[in-house]
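Coordinate analysis (summary)
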Amino acid sequence: MVGEEHADSMEVTRDTTFQTDPGLERIEFVAPADRTRLRYGSSVDLVAFLATMHLAEAIRSSVGDVVYLIADSLSGASHG
């Protein structure tokens, strides 16, 4: 999602943010949303999750936030 030239040099952890680490722009949220939906099905709705946030908040979200979204969606639970 960030390009092969950047992927090899990146260390991605749960604390990795979309703003400072991969440097995703607004339009680039489409790729992770599509890939998440394809991998986990329609129960994991990254677009709806991001739509609840202001743009700046969405960009500051982390890989860990997406991990929790996936886990919550697949288990039917909520971390609140």
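Here's what I pulled together on the structure shown here. (Residues numbered from 1 in each chain as written. Predicted model: local features only at pLDDT ≥ 70, side-chain atom pairs only at ≥ 80, totals over all residues. Heavy atoms only, no water.)

Examining the overall build of the chain
In terms of regular secondary structure, the chain is built from five helices and zero strands. Order of helices (α) and strands (β) in the chain, N terminus to C terminus: α-α-α-α-α. Counting only residues that meet the buried cut, the chain has 26% of its 80 residues in that class. Residue pairs in contact within the chain that sit at least 24 positions apart in sequence constitute 59% of those at least 6 positions apart. Surface summary for the chain: the accessible area is close to 5600 Å², and the carbon and sulfur share equals 51%. (Helix = DSSP H or I, 4+ residues; strand = E, 2+ residues; numbered from the N terminus. Buried < 20%, exposed > 50% of the residue type's maximum accessible area, 1.4 Å probe, protein only. Contact = heavy atoms within 4.5 Å. Areas by Shrake-Rupley, 256 points an atom, 1.4 Å probe, with all protein chains shown as cover.)

Observations regarding helix 5 (residues 63–75)
Relative to the 18 Å expected for 13 residues at 1.5 Å per residue, helix 5 spans 18 Å between its end C-alpha atoms, a close match to the ideal helical length. Elements in contact with the buried residues of helix 5: helix 2 (30–40) and helix 3 (46–51). The residue sitting at the N-terminus of helix 5 and contributing the capping side-chain oxygen is Ser62; that oxygen lies 3.2 Å from the backbone nitrogen of Gly64. Where helix 5 terminates, the next one or two residues include Gly76, which has phi positive at roughly 80 degrees. (Expected span 1.5 Å × (residues − 1). Polar contact = N/O pair within 3.5 Å; in protein donor to acceptor, adjacent residues only side chain to side chain.)

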